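Here's the letter readout for the chains.
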Amino acid sequence: GRSGLVCTTSSVPLMDNVKARIDRTTEGFFKIVSEKGTGRLVGGTIVGPHASDLIHIVALAVHKGMTATEMRGFSFVHPSIAESIGDLLLGK
């Protein structure tokens, strides 16, 4: 048979981000995809303002084979748009 990756996704709307509400730019979302069981990040999507400035955070984690647990050690400034990535990792 064909083996495949079994994944889980987590997402958060940009509306939940304090900085986005301050800037009145709340259209969009953040999503991460991780391998079920290991938590290894395999992808992500960012839709909204500054997405191209932020996706490198997820891309680096995927490239390095990091897990969501390992990424929880990253510092995300408050308030910032990037803070939504941290919220996803913490299950907020």
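Look up a bit, the structure's there.
What this report covers is the structure whose coordinates are included nearby. (Residues numbered from 1 in each chain as written. Predicted model: local features only at pLDDT ≥ 70, side-chain atom pairs only at ≥ 80, totals over all residues. Heavy atoms only, no water.)

### Overview of the overall build of the protein chain
From N to C terminus, the protein chain includes four helices and three strands. Along the protein chain, helices and strands appear, N-terminal first, in the series β-α-β-β-α-α-α. Here the C-alpha atoms of the protein chain give a radius of gyration of 13 Å, agreeing with the 12 Å that 2.2 N^0.38 yields for 92 residues. Counting only residues that meet the buried cut, the protein chain has 35% of its 92 residues in that class. A separation threshold of at least 6 residues defines the contact pool for the protein chain, and within that pool the share at least 24 residues apart is 48%. (Helix = DSSP H or I, 4+ residues; strand = E, 2+ residues; numbered from the N terminus. Rg over C-alpha atoms; globule rule 2.2 N^0.38 Å. Buried < 20%, exposed > 50% of the residue type's maximum accessible area, 1.4 Å probe, protein only. Contact = heavy atoms within 4.5 Å.)

### Points about the sheet that holds strand E3 (residues 41-47)
Spatial ordering of the open sheet is given by E1-E2-E3, a layout of three strands whose pairing is antiparallel. Taken across any chain shown, the strands that pair with only one partner, and hence form the sheet edges, are strand E1 (7-13) and E3. With strand direction ignored, the average angle separating the axes of adjacent strands in the sheet is 10 degrees. Helix H2 (residues 51-63) contacts strand E2 (29-35) and E3 of the sheet and is inclined by roughly 175 degrees relative to E3. (Pairing = 2+ DSSP bridges. Axes fitted to C-alpha atoms, helices over the stretch in contact; angles between N-to-C directions.)

### Considerations on the pairing of E3
Bridge count for E2 against E3 is six bridges, and the pairing is antiparallel. Paired with Lys-31 across the bridge in E3 is Thr-45. The antiparallel pairing of E2 with E3 creates a hairpin that spans five residues between the two strands, and Gly-37 there sits at a positive phi of about 100 degrees.

### Topic: the nonpolar core
Judged by nonpolar contacts, the single largest core of 20 residues is most densely connected at Phe-30, Leu-54, Met-71 and Ile-85. Taken together, the elements giving at least two residues each to this core come down to E2, E3, H2, helix H3 (68-71) and helix H4 (83-89). A total of five residues in this core trace back to one element, the largest contributor, which is H2. (Core = buried A, V, L, I, M, F, W, Y, C linked by side-chain atoms within 4.5 Å.)

### Notes on H2
Taking 1.5 Å per residue, 13 residues should reach 18 Å; H2 reaches 18 Å between its end C-alpha atoms and fits that length. For H2, the complete set of buried residues consists of Ala-51, Leu-54, Ile-57, Val-58 and Ala-61. The inward-facing, buried residues of H2 abut E2, E3, H3 and H4. Gly-65 sits one or two residues past H2 and shows a positive phi near 70 degrees. (Expected span 1.5 Å × (residues − 1).)

These results come straight from atomic positions and should not be treated as a statement about function.
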